[in-house]
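Structural characterization, general
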Amino acid sequence: MSPSDWRTVKIDDIKAPTRSALAMGPFGSNIKSDFFVPDGVPVVRGNNLNAERFEDSGFVFLTERKADELLSANAFPDDIVFTHRGTLGQVGIIPKNAKYDRYVVSQSQMKLTCNKEIVDPYFVFYLFRSPIGQHRLLQNTSTTGVPAISQPLTSLRNIDLFLPPLPEQHAIARILGSLDDKIELNRKTNATLEAMAQALFKSWFVDFDPVREKMEGREPAGMDAKTAALFPDALEVVNGREVPEGWDIAPMSKIIEVNPRISLRKGDLAPYLDMKNMPTQGHRAIEWVERPFGSGIKFANGDTLLARITPCLENGKTAYVDFLKAGQVGWGSTEYIVFRPKPPLPKEYGYYLARSENLRDYAIQNMTGTSGRQRVAASCFDSYLIVVPSPEVARPFEKIVKPLMTLIKRKDEESRTLAALRDTLLPKLISGEIRVPVNAVHQNTGDEINAEP
């Protein structure tokens, strides 16, 4: 039974009483790439609507003057943005603490400014993220040519919303928002941890910073005296390259197994990682499924997967396998190359090597094949030379990065649990199936949340 104190309204009824509260982006001729500048007013595009709520980066920009000319397409904090052409179903909300004072929505989008005396913009945003809202948003779509919403503004204006009293809207938005806040915090923390580990790899094994600092009579930064003592205090030339004294240069295949042999019987049910679920940033795979083994690359925990085909290689699709059970074998696309460092190099070394700019540039330069289907052969790494650190230095590197990667995994798994909870609660809260006592809702994710069916 529907809650008696909820009411049905149309989007047109809840838009702000201001000009262009409900508006489409400009015509394409008004926002061509010719108008883009290095800095200015950011243009919101589909890539900005793929995060939990809004990705406040990766923009192209317009001048302030051009943004003024497109005033009806300007969007501000708490405005909701919808894609009406292209990847339909995308919905984002410009955050209260946005990086910029204003934005311009692209020609494939429309924006809604809500009347906050009637609705909580975040409640409306979450409603359109729910199956109910998605169905209503997409009920007038055309799939002929580029997918699009027919008469987008008219369609949006006439969508019915089922609204609880405003205090309950605030409460529902806070519950769902607190979950997304924690997910976003975990994402930012993991990005920082990943950057720290990559910077350490580059400093120790590419730039040789600790060695150079000791050569200059300085103590290496960011490490204790015991670790610093493991680094030499001189460089020497090996095969025409400067390397730390006592270290070596060797073909990659000598110190890292490329596509190592591993057993998995045909038809065995095993975790399968699809190319689309390979991360472009960070080491954790996005999603995997159980699937009978057919034909593909096999891998185990501690292996690194590098996409070898265009454009996946150029886009950075790389993963460190840490999602299998003990002794389990996984499998995936034949377009993966597997790296497995040989002892005494730690397994994590293979991942950060695969993420390094030098190796990626080398791999891209050695791609062969027809346009659009180019790929790098695993055999090309037989001639890729690597500076091999001493075992004494490899061990402290592992001691530092292993806990970082473990923490990244823990926070990622926590975020997956929170996202599943949010996605379970979302339709029930939005429909009134679960009621929220307004005075029982807290601001923080860790506080107890009481909900009544």
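Residues numbered from 1 in each chain as written. Predicted model: local features only at pLDDT ≥ 70, side-chain atom pairs only at ≥ 80, totals over all residues. Heavy atoms only, no water.

**So, the sheet that holds strand β3 (residues 41-44)**
If you walk across this open sheet you meet the 4 strands as β4-β3-β8-β5, and the pairing is mixed. Edge positions in the sheet fall to β4 (60-62) and β5 (74-75), since each of these pairs with one other strand and no more. By the bridge criterion, 2 bridges tie β3 to strand β8 (residues 103-105) in an arrangement that is parallel. Looking at β8, one finds that Val44 is bridged to Val105. (Pairing = 2+ DSSP bridges. Helix = DSSP H or I, 4+ residues; strand = E, 2+ residues; numbered from the N terminus.)

**Describing the pattern of salt bridges**
Under the definition given, this model contains 30 salt bridges. The salt bridge partner of Asp5 is Arg435, with a shortest N-O separation of 3.1 Å. Residue Asp5 is located in the segment before β1 (7-10), and its partner Arg435 is located in the segment after α12 (391-431); the two are separated by 430 residues in the primary sequence. Overall, the relative accessible area of 41% leaves Asp5 in the partly exposed class. (Salt bridge = Lys/Arg side-chain N within 4 Å of Asp/Glu carboxyl O. Buried < 20%, exposed > 50% of the residue type's maximum accessible area, 1.4 Å probe, protein only.)

**Some words on the packing of helix α3 (residues 121-129) against helix α6 (residues 166-205)**
Look at α3 against α6: their axes get within 8 Å of each other, and the N-to-C directions meet at 65 degrees. Between α3 and α6, the interaxial angle falls into the category roughly perpendicular. Taken as a pair, α3 and α6 cross one another with a handedness that is left-handed. Two secondary-structure elements touch here, α3 through Tyr122, Phe123 and Tyr126 and α6 through Gln169, Ile172, Ala173, Leu176, Gly177 and Asp180. (Axes fitted to C-alpha atoms, helices over the stretch in contact; angles between N-to-C directions. Parallel < 35°, antiparallel > 145°, perpendicular 65-115°, else oblique. Left-handed = near helix turned anticlockwise from the far one by under 90°. Contact = heavy atoms within 4.5 Å.)

**Re the side chain of Lys317**
Tracing the chain through its elements places Lys317 in the loop between β20 (304-307) and β21 (318-320). Here Lys317 sits buried without a salt bridge, and the closest side chain of opposite charge, Asp274, lies 7.6 Å off (N-O distance). Ignoring anything within four residues of it in the chain, the contact list for Lys317 reads Met275, Lys276, Met278, Pro279, Thr280, Leu305, Leu306, Ala307, Cys312 and Arg360. (Lys, Arg positive; Asp, Glu negative; His and termini not counted.)

**Topic: the packing of α3 against α12**
The description of two packed helices rests on the angle between their axes and on the distance between the axes. Relative to each other, α3 and α12 sit at 110 degrees, their axes nearing to 9 Å. The orientation of α3 relative to α12 falls into the category roughly perpendicular. Residues Phe123, Tyr126, Leu127 and Arg129 of α3 pack against Arg422, Leu426 and Ile430 of α12. Of the residues assigned to the contact of α3 with α12, the class counts are 5 nonpolar, no polar and 2 charged. (Nonpolar A, V, L, I, M, F, W, Y, C, P; charged D, E, K, R; others polar.)

**Overview of helix α11 (residues 357-365)**
Every buried residue of α11 is accounted for by Leu359, Arg360, Tyr362 and Ala363. For α11, the angular spread of the buried residues around the axis is 160 degrees, confining them to a single face. Away from its buried face by more than 90 degrees, α11 exposes Glu357 and Gln365. (Arc of directions from axis to C-beta.)

**Side note on the sheet that holds strand β17 (residues 269-273)**
Hydrogen bonds along the backbone pair up the strands of a sheet, which may run parallel or antiparallel. Taken together, 4 strands build an open sheet; the order of strands is β18-β17-β22-β19 and the sheet is mixed. Since the sheet does not close on itself, it has two edges, and those belong to β18 (289-292) and β19 (297-299), each with one partner. For this sheet the average axis-to-axis angle between neighbouring strands, irrespective of direction, equals 45 degrees. Here 4 bridges tie β17 to β18, and the two strands are oriented antiparallel to one another. Directly across from Pro271, in β18, lies its bridge partner Glu290.

**Some thoughts on the confidence of the model for the protein**
Per-chain confidence: the protein averages 93 in pLDDT, with 96% of residues scoring 70 or above. Here residues 441-453 is modelled with pLDDT under 50, and outside its nearest four sequence neighbours on either side it reaches 26 contacts, counting other chains as well. (pLDDT = per-residue confidence, 0-100.)

**Topic: the state of the cysteines**
One pass over the full model with this rule turns up 0 disulfides. Here Cys312 is not disulfide-linked; the sulfur of Cys380 is the nearest cysteine sulfur, at 17 Å. For Cys312, a relative accessible area of 14% corresponds to the buried category. (Disulfide = S-S within 2.5 Å.)

**Considering unusual backbone geometry**
Between Thr310 and Pro311 the backbone carries a cis peptide bond, its omega angle lying at 0 degrees. Relative to the assigned elements, Pro311 resides in the loop between β20 and β21. The linkage connecting Pro343 with the following residue, Pro344, adopts the cis geometry, with an omega of 10 degrees. Looking at where Pro344 falls in the secondary structure, it is placed in the loop between β23 (336-341) and α10 (347-355). Its identity as a non-glycine residue notwithstanding, Ser20 has a phi of 60 degrees, on the positive side. Tracing the backbone shows Ser20 in the loop between α1 (11-14) and β2 (22-24). Residues other than glycine seldom take positive phi values, yet Asn259 does so here, at roughly 55 degrees. Mapped onto the elements of the fold, Asn259 is located in the loop between β16 (256-258) and β17. The class of Asn259 is partly exposed, set by a relative accessible area of 31%.

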